[in-house]
Amino acid sequence: MNPKAASKTSVFLNVVLGACFVAPLGAAFDANAQTYPNKPVKVVVPWPAGAITDGLTRQLGSQVSSTIGQPLVIENRAGASGTIGANFVAKSAADGYTLLIASSDTHAINPNYYTKLPYALSDFVDVMGLAKFSYTISVGSHVPANNLKEFVALAKANPGKFSYATWGNGSLAHLGTELALLRK
């Protein structure tokens, strides 16, 4: 391998794979390591376009594309709390050209929440964490609560009066909110 190609591959493996994605496990990735990447790399975001994970992936993707000399094609495959996108990547060729932006939903909540998943955690190899997100509960200024404890008490005292939104049933935000509001 010429020094320029070796440097390009090293940058990609150390910066990109070491920085952000979960790839299908397989020997094909190792076999292609010397010329990788020699074609566009698909990055599956299992959330809708415009979601925070999508925006972060697109921002990072444009920087990585210029570094590795190949386009990163960001593809949103939303639905079922990340299951649709995760399953697509799990069933893709294990060659390192289809990567997943995984989350606590796809790899921690879903395997414990759903009785049948079309993928197994063993279908993936974790490469590295990309980001950490904080979850917040916000209420309008007209709601007479100044903190979570006061809001939970208010919601429990007024069943059915308040509603909330999350990005999906079984998601960390959904289960966390239910836990906060239902806990005794």
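All figures in this text were calculated on a predicted structure; none of them were measured in a lab.

So, how was this worked out
Residues numbered from 1 in each chain as written. Predicted model: local features only at pLDDT ≥ 70, side-chain atom pairs only at ≥ 80, totals over all residues. Heavy atoms only, no water. Helix = DSSP H or I, 4+ residues; strand = E, 2+ residues; numbered from the N terminus. Buried < 20%, exposed > 50% of the residue type's maximum accessible area, 1.4 Å probe, protein only. Contact = heavy atoms within 4.5 Å. Areas by Shrake-Rupley, 256 points an atom, 1.4 Å probe, with all protein chains shown as cover. pLDDT = per-residue confidence, 0-100. Salt bridge = Lys/Arg side-chain N within 4 Å of Asp/Glu carboxyl O. Core = buried A, V, L, I, M, F, W, Y, C linked by side-chain atoms within 4.5 Å. Pairing = 2+ DSSP bridges. Right-handed = clockwise from strand over helix to strand, strands pointing away. Arc of directions from axis to C-beta. Polar contact = N/O pair within 3.5 Å; in protein donor to acceptor, adjacent residues only side chain to side chain.

Undergrad: Outline the overall build of the chain, listing residues and values.
TA: Counting its secondary structure elements, the chain contains 7 helices and 5 strands. Start at the N end of the chain and walk to the C end: the helices and strands fall as α-β-α-β-α-β-α-β-α-β-α-α. Across the 184 residues in the chain, those meeting the buried criterion constitute 34%. For the chain, the share of sequence-separated contacts (at least 6 apart) that also reach a separation of at least 24 residues comes to 75%. A total accessible area of about 10,600 Å² is found for the chain, and carbon and sulfur atoms account for 57% of it.

Undergrad: So what's going on with the confidence of the model for the chain? Residues and values would help.
TA: For the chain, per-residue confidence averages 81 on the pLDDT scale, and residues scoring 70 or more make up 80% of the total. Taking the mean pLDDT of every element in the chain, the minimum, 39, falls on helix H1 (residues 3-17) and the maximum, 97, on helix H4 (residues 83-90). Ignoring residues within four places in sequence, the model shows residues 25-29, a span with pLDDT below 50, making 14 contacts including any to other chains.

Undergrad: Can you explain the pattern of salt bridges? Please cite residues and give values.
TA: Across all of its chains, the model carries 3 salt bridges by this definition. Its salt-bridge partner being Lys42, residue Glu75 comes within 3.3 Å of it at the nearest N-O pair. Of this pair, Glu75 sits in strand S3 (residues 72-76) while Lys42 is found in strand S2 (residues 41-45), placing the two residues 33 residues apart along the sequence. The partner of Asp54 in a salt bridge is Arg58, with the nearest N and O atoms 2.8 Å apart. Here Asp54 and its partner Arg58 are both found in helix H3 (residues 52-68), 4 residues apart, which amounts to about one turn of the helix. Exposure remark for Arg58: the relative accessible area of 37% places this residue in the partly exposed category.

Undergrad: Give a detailed account of the environment of Tyr135, specifying residues and quantitative values.
TA: Structurally, Tyr135 is set in the loop between strand S5 (124-126) and helix H6 (148-157). For Tyr135, a relative accessible area of 44% corresponds to the partly exposed category. Filtering out sequence-adjacent residues up to four positions away, Tyr135 remains in contact with Ser104, Trp167 and Leu172.

Undergrad: Give a description of the nonpolar core that names residues and reports values.
TA: In terms of nonpolar packing, the biggest core is built from 12 residues, these being Tyr36, Val41, Val43, Val45, Trp47, Val64, Ile68, Leu72, Ile74, Tyr97, Leu99 and Ile101. For this core, the elements supplying multiple residues, two or more each, are S2, H3 and S3. Looking at which element gives the most residues to this core, the answer is S2, with 3 residues. If we skip the residues at most four places from it in the chain, Trp47 touches Thr53, Asn76, Arg77, Ala78, Ser81, Gly82, Ser103, Asp105 and Trp167. Of all hydrophobic cores here, the second largest spans 7 residues; its members include Val44, Ala90, Tyr119 and Phe124.

Undergrad: Describe the pairing of S3, with residues and values.
TA: Two faces make up the sheet, and in a regular strand the side chains alternate between them. Where S2 and S3 come together, 5 bridges link them in parallel fashion. Considered in S3, the bridge of Val44 is made with Glu75. Tracing the backbone out of S2, into H3 and back to the parallel element S3 gives a crossover that is right-handed.

Undergrad: Account for H6, with residues named and values stated.
TA: If you check which residues of H6 are buried, you get Phe151, Val152, Leu154 and Ala155. Down the axis of H6, the buried side of the element spans an arc of 165°, and every buried residue falls inside it. Facing away from the buried side of H6, by more than 90 degrees, are the exposed residues Lys149 and Ala157. Packed against the buried residues of H6 are helix H7 (172-182). Of the residues flanking the start of H6, the one acting as N-cap is Asn147, its side-chain oxygen 3.1 Å from the backbone nitrogen of Lys149.

Undergrad: If you had to explain the environment of Gly85 to someone new, which residues and values would you point to?
TA: Here Gly85 is to be found in helix H4. Classification of Gly85 by relative accessible area gives buried; the value is 0%. Sequence separation of Gly85 and Thr106 is 21 residues, and the distance between their C-alpha atoms is 8.9 Å. Apart from the residues within four sequence positions on either side, Gly85 is in contact with Val44, Pro46, Arg77 and Leu100.

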